[in-house]
Amino acid sequence: MKPAGRVSAIGTGNILTANLPNAIQITGGTIAASDTWPNLGIPYHITSTVTIADTSNPLLTIVPGCSLLFTDSAALRIGVGQPGGLRADGTYGRITFAQFPVSGRWRGIEFWEKTDPNRTIVNYCRIQGAGAGNASAITCYSIPVTITNTRVADCSANGIYCHNTGFARFENDTITACAGYPMHIAAQHVSTIGNGNSFTGNTREGIEVTGGPITRDAQYRRQNVPYLVRGSIDVGSAFRVGAIVYAIFFTVIGLLSVLFQALLFAPFLNSITTNTT
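Residue positions are given per chain, counted from 1 along the sequence in the order it is written. Under the rules for a predicted model, residues below a pLDDT of 70 receive no local features and side-chain atom pairs below 80 are neither given nor counted, while totals for whole chains, interfaces and linings still include all residues. Calculated side-chain values reflect all of the structure's heavy atoms, with hydrogen atoms and water omitted.

Draft legend 1. Structural view of the overall build of the protein. Looking only at helices and strands, the protein features one helix and 27 strands. Contacts between residues were defined by any pair of non-hydrogen atoms, one from each residue, lying within 4.5 Å. Within the protein, residue pairs in contact and separated by at least 24 positions form 62% of the contacts whose partners lie at least 6 positions apart. Secondary structure follows DSSP: runs of H or I at least 4 residues long count as helices, runs of E at least 2 residues long count as strands, and numbering of each begins at the N terminus.

Draft legend 2. Inspection of the nonpolar core at higher detail. For this analysis, a nonpolar core means a set of buried residues of the types Ala, Val, Leu, Ile, Met, Phe, Trp, Tyr and Cys, connected via side-chain atoms within 4.5 Å. Each residue is placed in one exposure class: buried if its accessible area under a 1.4 Å probe, protein chains only, is under 20% of its type's maximum, exposed if it is over 50%, and partly exposed if it falls in between. Counting residues in hydrophobic clusters, the biggest one holds 63 residues, and the most contacted among them are Trp37, Phe97, Phe111 and Met183. It is strand 23 (residues 227-234) that provides the largest number of residues to this core, a total of three residues. Phe97 has contacts with Leu68, Phe70, Leu76, Ala88, Trp106, Ile109, Cys125, Arg126, Ile127 and Gln128, leaving out every residue within four places of it along the chain.

Draft legend 3. View of the side chain of Asn197. Inspection of the secondary structure assignment puts Asn197 in the loop between strand 20 (183-186) and strand 21 (207-213). Nitrogen and oxygen atoms within 3.5 Å of one another constitute a polar contact, given that in protein one can donate a hydrogen and the other can accept it, and given that sequence-neighbouring residues count only through two side-chain atoms. Polar side-chain contacts of Asn197 include one of 3.1 Å to the backbone nitrogen of Asn172. Engagement of the side chain of Asn197 in a polar contact is seen with the backbone oxygen of Gly194, the distance being 2.8 Å. Excluding anything up to four places from it in sequence, Asn197 contacts Phe170, Glu171, Asn172, Asp173, Gln223 and Asn224.

Draft legend 4. Representation of the packing of aromatic side chains in the model. Two aromatic rings, drawn from Phe, Tyr or Trp (for Trp, its six-membered ring), form a pair once their centres lie within 6.5 Å of each other, and the interplanar angle then sorts them: stacked below 30 degrees, edge-to-face above 60, tilted otherwise. On inspection of all chains with the given rule, the structure shows six aromatic pairs. Here the aromatic rings of Trp37 and Tyr44 are separated by 5.2 Å at their centres, their planes lie at 50°, and the arrangement is tilted. Across the pair, exposure class does not vary: Trp37 and Tyr44 are buried alike. Both rings, one in Phe167 and one in Phe170, keep their centres 4.5 Å apart while their planes meet at 35°; by these two values the pair is tilted. Of the two residues, Phe167 and Phe170, both sit in the buried class. Feature note: the residues Phe167, Phe170 and Phe199 constitute an aromatic cluster, connected by ring pairs.

Draft legend 5. Layout of the sheet that holds strand 6 (residues 59-62). Here, strands pair whenever DSSP counts at least two bridges between them. Taken in spatial order, the six strands of this open sheet run 3-6-9-12-15-18, and their pairing is parallel. Only two strands of the sheet have a single partner each, and these edge strands are strand 3 (35-37) and strand 18 (167-171). Looking at each pair of strands side by side, their axes are set apart by 10° on average, direction ignored. In this sheet, strand 15 (residues 145-148) lies alongside strand 12 (residues 121-123) in parallel orientation, the contact comprising three bridges. To define axes, lines are fitted to C-alpha atoms, for helices over the stretch in contact only, and angles between the resulting N-to-C directions are given on a 0 to 180 degree scale.

Draft legend 6. Summary view of the state of the cysteines. In what follows, a disulfide is any cysteine sulfur pair within 2.5 Å. Taken as a whole and judged by the stated rule, the model has zero disulfides. Here Cys162 is not cross-linked by a disulfide; its sulfur's nearest cysteine counterpart is in Cys140, at 4.7 Å. The exposure class assigned to Cys162 is buried, which follows from its relative accessible area of 4%.

Draft legend 7. Fine view of the sheet that holds strand 4 (residues 44-46). On the basis of which strands lie adjacent, the open sheet formed by seven strands has the order 1-4-7-10-13-16-19 and parallel pairing. In the strand order of this sheet, the two ends are held by strand 1 (24-26) and strand 19 (174-176), each with one partner. Adjacent strand axes in the sheet meet at a mean angle of 15° when their direction is disregarded. Where strand 10 (residues 95-99) lies against strand 13 (residues 125-128), three bridges are found, and the strand directions are parallel. Bridge pairing in strand 13 places Thr96 opposite Arg126.

Draft legend 8. How the structure looks around the pairing of strand 21. Sheet analysis places strand 20 next to strand 21, joined by four bridges and oriented parallel. Of the residues in strand 21, the one forming a bridge with Ala186 is Thr210. Bridge analysis of strand 21 against strand 23 gives six bridges, and the strand direction is parallel. The residue of strand 23 that forms the bridge with Gly212 is Ile233.

Draft legend 9. Layout of the confidence of the model for the protein. Per-residue confidence for the protein gives a mean pLDDT of 85, with 82% of residues at or over 70. Values of pLDDT, which run from 0 to 100, indicate the predictor's confidence residue by residue. Of the regions scoring below 50 in pLDDT, residues 238-272 engages in 66 contacts with residues more than four places distant in sequence or in other chains.

Right under this line is the structure:
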């Protein structure tokens, strides 16, 4: 058993086999200094919420190949009230964040307003079994982070929920088998969703978009599900679809208007661009 801030004190060369369960128990708590969790060949079993935040701006680095298994209702929180960062780069061995036991649900990963976006990355990760308390697998509060080459699956709520933010990068990601929408995001941040993503196989097939003004140039890239707009989008600029330009100076009203545009132009258009210049 180790507290969350002391995991790197576990050295190498240990034999950790034939235990029930065969995992390293982490008691949760606050990580107030930068730390690295090594790959010891067995999972980490996290029994309560882990928070990465302190005035020193700590960075938690998860080594490739690690598995973090969370007890019911536990969460991984970054940047709550004070700065902090998470580096989970599984380029050389996919990193797993999942529930324990398999029949349970954990709350997911939460990037709060003090998250350090310059040092935070989720790349080649697998995030599954979240949704306790109707929480999304990943929640972003007012800070754009990088999520790439990552699979989000089997969440009992939305896959990703963005509150007043978009992404620093969001590319080549898969969100599937979630009980809600694959993603919730505001209209002004949709352009931060990149290419190469898959959003199919969820209970609600579409990216849920809340309305609002688009105040700078933005491109809605073609994904493999529709954008389902819940509210009005104020554009007041040129509306570009492929090589054709439509001047619009009105508010696009809700879901029906957006679906009409999609049905009319989808056979030959790859993207929708708004130009506010």
